[in-house]
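# Geometric and topological summary
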Amino acid sequence: MNLTQVRLAQSLLVGSLFMGTLGCGVSSTKTMPLPTSKQSDSVESAEGGLASAWDDIAGAKTKLRGDDVVVVDLREVAESDLENAVKLLSNTSTVSELFLPDAAWTEGMVLRLAALPNLKRLRVYGKAFDDAKAKTISGLPALIAVTFQDTSVTDDGASVLAELNELQEISLMNSPVTDKVLESISTLPKLTKLKLRGTKITGQAFDPISNLPLKDLELAETDFGPEGMPALANIAGLEKINLWLTKIDNESLKAFEGKTSLTVLNIDNCPAITEEAIPVIVSLPHLKLLHLGKTSVAPDALPQLKPLQELETLFVTNLGLEDAPAKELEAMFPNLKRFEY
């Protein structure tokens, strides 16, 4: 289905929903016009009834803003109840964020979602959500956040994200995408948050990431290695980086030296990081959070972190730090709110 066909189908679907003829939980009973004040009362009553209707869907979770249902989460709804939940979703025009299990993504789902005028954030979970299904979201150009988590979406399916120019946030956690996915998303002008945790990235073809206006990047639990560090350092406004359980080392961390934009550095469980990395770390003066847990940093080298006077959170767990020196270390940072050793 091309974009013109999708938009035509969207228009027809919206018209059908308005007329109550789609059979998606919208009554087809004709109504008589009401005076303005009564119409207002009727709308308020309908909104309240909609929130109550969601309470009747076992496992469904919602969040309200006033009387409006703005978040719907169907991940814990039994598969046998999903059809009714999706029908009710078609009537919930106020929803802005939606969490869906793969079983809910049936034929025509994208058209139902396109009829929701306020939908901005779409989160889909489960292995049955594959490339073919992912590509259908090209019909949702207003999305600002997309999650494909624990899915079967590969680089091919994720290439559809390049068509969603309003995207500010992408999460592909635990989906089998590789470095190649960066080629698809490197032109997104508003993308500030990217989660690639548990994917198949390596860092060997990471140059396209330098083109993104990223502020928050998660690469944890991957084979991301030293080859990709220069590309990360070239992301001008990068503020938060999660490298937990990756393959970086002291030498590759030098790419971050003097990167004043960084406020969060998580190198937990990176055993190739030793106290030799401390000069690079203290060259990041605006760090608010630093995680050195399960690295190979020697406990007696930790006082060298003292120049990081803006630290609010410091984790030095599993380094063998004793109580007395831990208290001395904690006292070095006047703004510290959380300290674990």
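Residues numbered from 1 in each chain as written. Predicted model: local features only at pLDDT ≥ 70, side-chain atom pairs only at ≥ 80, totals over all residues. Heavy atoms only, no water.

### Some words on the confidence of the model for the chain
- With 86% of its residues at a pLDDT of 70 or more, the chain shows a mean pLDDT of 89.
- Least confident of the elements in the chain is helix α1 (residues 3–19), whose mean pLDDT is 40; most confident is strand β11 (residues 289–291), at 99.
- Considering only residues more than four positions removed or in separate chains, one finds that residues 1–47, a stretch of pLDDT under 50, has 35 contacts. (pLDDT = per-residue confidence, 0-100. Helix = DSSP H or I, 4+ residues; strand = E, 2+ residues; numbered from the N terminus. Contact = heavy atoms within 4.5 Å.)

### Side note on the pairing of strand β4 (residues 121–125)
- Extensive coverage of β4 is indicated by the burial of four of its five residues.
- Read as a crossover between parallel neighbours, the route from strand β3 (residues 97–101) over helix α4 (residues 109–114) to β4 is right-handed. (Buried < 20%, exposed > 50% of the residue type's maximum accessible area, 1.4 Å probe, protein only. Right-handed = clockwise from strand over helix to strand, strands pointing away.)

### Quick word on the side chain of Ser175
- As for its position among the elements, Ser175 is in the loop between β6 (169–171) and α7 (181–185).
- Residue classification places Ser175 among the buried residues on the basis of a relative accessible area of 2%.
- Polar side-chain contacts of Ser175 include one of 2.7 Å to the side chain of Thr151.
- Beyond its immediate stretch of four places on either side in the chain, Ser175 contacts Phe148, Gln149, Asp150, Thr151, Val153, Gly198, Thr199 and Lys200. (Polar contact = N/O pair within 3.5 Å; in protein donor to acceptor, adjacent residues only side chain to side chain.)

### Points about the packing of aromatic side chains
- Inspection of the entire model under this criterion finds five aromatic pairs.
- Ring geometry for Phe99 and Tyr125: centres 6.4 Å apart, planes at 15°, overall stacked. Here the residue Phe99 occupies a position in strand β3, and Tyr125 occupies one in strand β4, the gap between them amounting to 26 residues. The residues Phe99 and Tyr125 share a single accessibility class, namely buried.
- Taken together through their ring pairs, the aromatic side chains of Trp105, Phe129 and Phe148 make up a single cluster.
- It is Arg75 that lies over the ring of Tyr125; its NZ or CZ is 4.6 Å from the centre. (Phe/Tyr/Trp six-rings, centres within 6.5 Å; stacked < 30°, edge-to-face > 60°. Lys NZ or Arg CZ within 6 Å of the ring centre and 35° of its normal.)

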